[in-house]
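Examination of the molecular architecture
One-letter residues, chain by chain:
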Amino acid sequence: MNAAHDLEEIVDLFAIGRPMRNAGLMPVKVATLPLRKAVAVVIEEWSDDKFRQLSAVIQRQTGPAIRSLDDIRHLYDCAVSDAACRGRRASPTDR
């Protein structure tokens, strides 16, 4: 995925519950907000709960969901630096 992300796009933020809290591991909608704020919630507000960070799903209206914590971190870095954002950074294996 190399499409640019609009950090102002309205997205749905989901958390997948812990097995002891939600036997079915069904995603629970947390909020509907701009992508910029959704990545900030995951990285800043959920930072003390590693499981919750790893269980974050950001559902976009204009493309595939963002499920990878690495992708969310990358978007967060773009948001705080106001840099142009691309979907997924190329890994060494993508070359």
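Conventions we followed
Residues numbered from 1 in each chain as written. Predicted model: local features only at pLDDT ≥ 70, side-chain atom pairs only at ≥ 80, totals over all residues. Heavy atoms only, no water. Salt bridge = Lys/Arg side-chain N within 4 Å of Asp/Glu carboxyl O. Helix = DSSP H or I, 4+ residues; strand = E, 2+ residues; numbered from the N terminus. Buried < 20%, exposed > 50% of the residue type's maximum accessible area, 1.4 Å probe, protein only. pLDDT = per-residue confidence, 0-100. Contact = heavy atoms within 4.5 Å.

A few words on the pattern of salt bridges. Two side chains with opposite charge may pair up if their charged atoms get near one another. Taken as a whole, this structure holds five salt bridges when the rule is applied. Measuring nitrogen to oxygen at the nearest pair gives 2.8 Å for the salt bridge that ties Glu-8 to Arg-36. Note that Glu-8 is positioned in the segment before strand S1 (10-16) and Arg-36 in helix H1 (residues 35-45), a separation of 28 residues in sequence. Judged by relative accessible area, Glu-8 falls into the partly exposed class, the value being 45%.

Once that is clear, we can look at the confidence of the model for the protein. Within the protein, residue pLDDT values average 82, and 76% of them lie at 70 or more. Low confidence marks residues 89-95, where pLDDT is under 50. Its contacts with residues over four positions away, or in another chain, come to four contacts.

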